[in-house]
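Chain residues, written in single-letter form:
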Amino acid sequence: MMTKVLVLYYSLHGNTRQLARHIGRGIEQVDSCEAVLRTVADISTLTTMAATSQSITTSQPATVSDPIVTHDDLKQCAAIAMGSPVRFGNMAAPLKHFLDSTSGEWLSGTLIDKPACVFTSSSSLHGGQETTLQSMMLPLLHHGMLIVGIPYSEPLLHTTHHGGTPYGASHVNNGTNKQLHPDEIALAQAIGRRLATTACKLNG
């Protein structure tokens, strides 16, 4: 039986999506673990769907490369990696909108004792990465999840001048370095491995 780890993200320009891909690669470096990549619908897409009575799970923007998340994905996963670009020091509205719809999972305790980690991308080094990562942790803690960070036993955390924090993986895109730096890739894969390893241990 494969241990499914949900990598849930919102990405407007593709930077957070790149991080999600590398976290997924880290997850799948752990035996019997499968990364399940999902995204969330844009707010404008949700508004259009509501007006036309379309289903979110069967219709998605052409620019989206991963399926739209469903509530069943939350039930089926053993762990969650959640990512968003920085929006004024906070998570992006589409991800927050989805989290606000998970009161059913909160009431039933679906996510209690499952491990989780967070990741983000910003256009400047001090553009609110740490507060954005913390903003994503708060609803996960309300769901009873166990937060996994990047420990300082990862040598790159001591030396990187790019993304990567003890709170979670990150990327800095200042307009010139749109591709992830090798340090950012390594730390993203490291937190993916740690999340998957933790999920396996908790699942016996």
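Residues numbered from 1 in each chain as written. Predicted model: local features only at pLDDT ≥ 70, side-chain atom pairs only at ≥ 80, totals over all residues. Heavy atoms only, no water.

Looking at the pairing of strand β4 (residues 115-122)
Burial within β4 is extensive, with eight of its eight residues counted as buried. A two-sided burial pattern is seen for β4, the buried positions comprising Pro115, Cys117, Phe119 and Ser121 on one face and Ala116, Val118, Thr120 and Ser122 on the other. Pairing between strand β3 (residues 79-85) and β4: six bridges, direction parallel. Each residue of the ladder has a partner; that of Gly83, found in β4, is Phe119. Where β4 meets strand β5 (residues 146-147), two bridges bridge the pair, whose relative direction is parallel. Looking at β5, one finds that Pro115 is bridged to Leu146. (Buried < 20%, exposed > 50% of the residue type's maximum accessible area, 1.4 Å probe, protein only. Helix = DSSP H or I, 4+ residues; strand = E, 2+ residues; numbered from the N terminus. Pairing = 2+ DSSP bridges.)

Quick notes on the packing of helix α1 (residues 15-27) against helix α8 (residues 182-202)
In a packed pair of helices, the relevant descriptors are the angle between the two axes and the axis-to-axis distance. Look at α1 against α8: their axes get within 7 Å of each other, and the N-to-C directions meet at 50°. The pairing of α1 with α8 is recorded here as oblique in orientation. Regarding α1 and α8, the two cross each other, and that crossing is right-handed. Here Leu19, His22, Ile23, Arg25, Gly26 and Ile27 of α1 lie close against α8, whose contacting residues are Glu184, Ile185, Ala188, Gln189, Ile191, Gly192, Arg193 and Ala196. Across the contact of α1 with α8, the residue classes break down as seven nonpolar, four polar and three charged. (Axes fitted to C-alpha atoms, helices over the stretch in contact; angles between N-to-C directions. Parallel < 35°, antiparallel > 145°, perpendicular 65-115°, else oblique. Left-handed = near helix turned anticlockwise from the far one by under 90°. Contact = heavy atoms within 4.5 Å. Nonpolar A, V, L, I, M, F, W, Y, C, P; charged D, E, K, R; others polar.)

Points about the pattern of salt bridges
This model, assessed by the stated rule, comprises four salt bridges. Residue Arg21 pairs with Asp66 through a salt bridge whose shortest N-O separation is 2.7 Å. Placement of Arg21 in helix α1 and of Asp66 in the loop between α2 (43-52) and α3 (71-76) is noted, with a sequence separation of 45 residues between them. For Arg38, the salt bridge is made with Asp73, and the minimal N-O distance between the two is 3.3 Å. Here Arg38 is found in strand β2 (residues 33-39), whereas its partner Asp73 is found in helix α3, with 35 residues between them in sequence. (Salt bridge = Lys/Arg side-chain N within 4 Å of Asp/Glu carboxyl O.)

Digging into the state of the cysteines
Under the definition given, this model contains zero disulfides. Considering cysteine sulfurs only, Cys200 is the nearest to Cys33, which forms no disulfide, with 3.2 Å between them. You can call Cys200 partly exposed: its relative accessible area is 23%. (Disulfide = S-S within 2.5 Å.)

Looking at a nonpolar patch on the surface
Side chains of Leu138, Leu141 and Ile147 sit close together on the surface and give an oily, nonpolar patch of about 260 Å² of accessible area. For Leu138, the position within the fold is in helix α6 (residues 129-142). (Patch = residues over 30% accessible without salt bridge, like charges linked within 9 Å, V, L, I, M, F, W, Y side chains within 5 Å. Areas by Shrake-Rupley, 256 points an atom, 1.4 Å probe, with all protein chains shown as cover.)

Focus on the confidence of the model for the protein chain
Residues with a pLDDT of 70 or more make up 89% of the protein chain, whose mean pLDDT is 91. Of the regions scoring below 50 in pLDDT, residues 56-63 engages in 13 contacts with residues more than four places distant in sequence or in other chains. (pLDDT = per-residue confidence, 0-100.)

Observations concerning α1
An ideal rise of 1.5 Å per residue puts 18 Å on 13 residues; α1 measures up with 19 Å between its terminal C-alpha atoms. Most of α1 sits inside the fold, with 10 of its 13 residues counted as buried. Packed against the buried residues of α1 are β1 (3-9), β2, β3, β4, β6 (169-172) and α8. (Expected span 1.5 Å × (residues − 1).)

Some words on the environment of Leu95
Position of Leu95 relative to the elements: it lies in helix α4 (residues 93-99). Assessed through its relative accessible area of 0%, Leu95 is described here as buried. Distance in space between the C-alpha atoms of Leu95 and Tyr10 is 6.2 Å, their sequence separation being 85 residues. Here Leu95 is in contact with Leu8, Tyr10, Val40, Met82, Gly83, Ser84 and Met136, once residues within four sequence places are set aside.

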